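Each chain, written out:
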Amino acid sequence: MRQIIALVAGVLLAMSAAAEDVGITVSDVWGRATAPGQDSGSVQFSIISKKEAKLVAVTSPVAGTVEIHSMAHEDGKMKMRAVESISLPAGKAVDLAKSGNHVMLLNLKQPLKAGDSVPLTLTIEFADKHKVTLDTKAGINPQGTSHDMHDMGDMHDMKGM
Ligand SMILES: [Cu+2]
């Protein structure tokens, strides 16, 4: 009998460990300070999942709406649009910035200031439809500290964005 109890306890322990360690690492989470009057900002990060998964949603208490955006050349211009998800191939680091993807914080409730730490909750769905959420924080950099490619502010002022 004691052996059975030990066995059950062992299984429960294994389960809780699995729930905590979902095998996803998010790093380099950053955004840029907003200009006066600007009510949207973009966030970049690098993410790696041990198992095949996809990033399906992001929420933040500072934004009314959060969208996942991709960028593509269309008619010689960079255009961005909201996508439903970003694929995370097993064991492969996905750097949003490198692929031109980013997370868009829209209808900001407060300006993003350099030095701020903005909470983000990522929802990740595995191939078996099982979902997990992951909390992280984006460090806000001063304006104009990075490459033009990352400078989303102006692009989102374009008509239709
Ligand atoms: Cu965007």
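Structural data are supplied above this passage.
For the structure given in this document, a descriptive report is provided here. Residue numbers restart at each chain and count upward from 1, following the sequence in its written direction. In keeping with the predicted nature of the model, local features appear solely for residues at pLDDT of at least 70, side-chain atom pairs appear and are counted solely at 80 or more, and the whole-chain, interface and lining totals rest on all residues. Remark: hydrogens and water are excluded; side-chain values derive from all non-hydrogen atoms of the structure.

### Brief notes about the overall build of the chain
Inference 1: In terms of helices and strands, the chain carries two helices and ten strands.
Inference 2: Strands are runs of DSSP state E lasting at least 2 residues, helices are runs of H or I lasting at least 4, and numbering of each runs from the N terminus. Ordered by position in the sequence, the α and β elements of the chain form the string α-β-β-β-β-β-β-β-β-β-β-α.
Inference 3: Only protein chains enter the accessibility calculation, which uses a 1.4 Å probe. A residue is then buried if its area is under 20% of the maximum for its type, exposed if over 50%, and partly exposed in between. Put simply, the chain has 161 residues, and 39% of those count as buried.
Inference 4: Any two residues whose heavy atoms approach within 4.5 Å at even a single point are treated as in contact. Counting contacts in the chain only where the partners sit at least 6 residues apart, residues at least 24 apart contribute 71% of the total.
Inference 5: In this description, accessible areas are obtained by the Shrake-Rupley approach with a 1.4 Å probe, and a residue is regarded as covered only by the protein chains that are shown. Accessible surface, the chain: about 9600 Å² in total, of which carbon and sulfur atoms supply 54%.

### Quick notes on the pattern of salt bridges
Inference 1: Within this document, salt bridges are pairs made up of a side-chain nitrogen of Lys or Arg and a carboxyl oxygen of Asp or Glu, the two lying within 4 Å of each other. Counting across every chain of the model gives two salt bridges.
Inference 2: The closest approach of N and O atoms between Glu125 and Lys129, which form a salt bridge, is 3.7 Å.
Inference 3: For Lys129, a relative accessible area of 60% puts it in the exposed group.
Inference 4: The shortest N-O distance in the salt bridge between Glu125 and Lys131 comes to 3.9 Å.
Inference 5: Linked by salt bridges that have partners in common, Glu125, Lys129 and Lys131 make up one network.

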